[in-house]
Structures are given as C-alpha cells and as structure tokens.
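Below are the chains, spelled out letter by letter.
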Amino acid sequence: MISMLIISTLSMTKYDFENSVGFVVNTTAKSFQRSLDIELRRNVGVTLSQWRVVGALVLQPGLTQKEIADKMGIEGATLVPVIDKMEKEGLLKRKPDLTDRRANRIYLTSKADSLWESMIECALKIRKSSTKNILESDIQITLDTLRKISKNLATSFELEKTFSSVKGNKRIV
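A. Representation of the packing of aromatic side chains. The tally for this structure, following the rule as stated, stands at three aromatic pairs. When the centroid spacing of 5.0 Å and the interplanar angle of 75 degrees are considered together, the rings of Tyr15 and Phe17 count as edge-to-face. Exposure remark for Phe17: the relative accessible area of 47% places this residue in the partly exposed category. One aromatic cluster is present, built from ring pairs that chain together Tyr15, Phe17 and Phe23. Sitting over the ring of Tyr107, Lys95 keeps its end group 5.0 Å from the ring centre.

B. Seen up close, the sheet that holds strand S2 (residues 92-96). An order of S1-S3-S2 is seen for the three strands of this open sheet, with the pairing classed as antiparallel. Each edge of the open sheet is held by one strand with a lone partner, namely strand S1 (63-64) and S2. Two strands pair when backbone bridges link them, and S2 and strand S3 (residues 104-108) are joined in this way by five bridges, in the antiparallel orientation. Bridge assignment links Arg94 to a residue of S3, and that residue is Ile106.

The rules behind the values
- Residues numbered from 1 in each chain as written.
- Predicted model: local features only at pLDDT ≥ 70, side-chain atom pairs only at ≥ 80, totals over all residues.
- Heavy atoms only, no water.
- Phe/Tyr/Trp six-rings, centres within 6.5 Å; stacked < 30°, edge-to-face > 60°.
- Buried < 20%, exposed > 50% of the residue type's maximum accessible area, 1.4 Å probe, protein only.
- Lys NZ or Arg CZ within 6 Å of the ring centre and 35° of its normal.
- Pairing = 2+ DSSP bridges.
- Helix = DSSP H or I, 4+ residues; strand = E, 2+ residues; numbered from the N terminus.

Structure (structure tokens):
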C-alpha cells in the first residue's frame, strides 16, 4: 500500500505554482485583503467585510441584502451577521421595501458616511504601499494585462453568464 502511494506520488505531474498567473493573482489579492482589513480595523474600527458593504451602498444606496451579497460574491447567509453587526453599531439601517414586504432595503447612516473618507484613506495607503518602487507605466501594463486575462476567462468560460445566474447553490448557465 505504501509503495503504491510512493509510486503514485512520484508520477504526479508537477505544477509550477510560483509562476502561475492565477496563483500569483490569488496570493496578491489575499495580501491586499489582509492588509486592508488590518488598516481598516486599526484606523477606522471596521472590518474588510464591512468596508465592502459600505462600498456597495455608497455606489448604490437601498440595495437588498441579496443584492449586496451578489455584488460581494458571497452567499446571503454569510452576509447576515455582518449586516446585523453594522446595524447594531449604527452604520446602516434596514427599511422595508415598498413593493416587496419580504425584503428590506439597506441604507447607510450618517455615522457610516462620516467614516467613508477615513476608509478611502486606508485604501489609498494600501495602494501606495503596494506600488512602492514600481513605475506607473508598469502598474498600467499590469492593470491592462489583468483586465485582458479577466475578459479572456469570462469569454472562454462564459463566467459573466454563470455569475449573474447564481440561484442558491445551483448555477444556471
């Protein structure tokens, strides 16, 4: 049995994670998220998840919880404790939807509005730190390249259609 495992392990195809675009992008994204979460907690007293909710509502006030979850790319149930905590902290308010009694529309409070500039400063600090010693032209090339990669993946695998059609745990393509 052990010799079978050793043989199968030895014959496994090796994958160069360190030079994989997807692996590097994912690792970098996680570094951005951890850094921004630390900065937001330290200087504003909010979490990265709360920042994302605020960001969604700054762009489009009055979203439902489901709409916010869709924009964040998470399940609605995952968002519930974040929304509950933010409501307790006075950062947002739920108001009944006038056309659908089952849904609530979510709005930022003046307290959240007053924190927005500080949140933006945290994000700018992370951007500045992350791009230190990198030429602006290189940053632009990187952004352009990542946009092309994203478009290629969306086109090749119809990701736009898949992500816009998520229903519960089932994907409808």
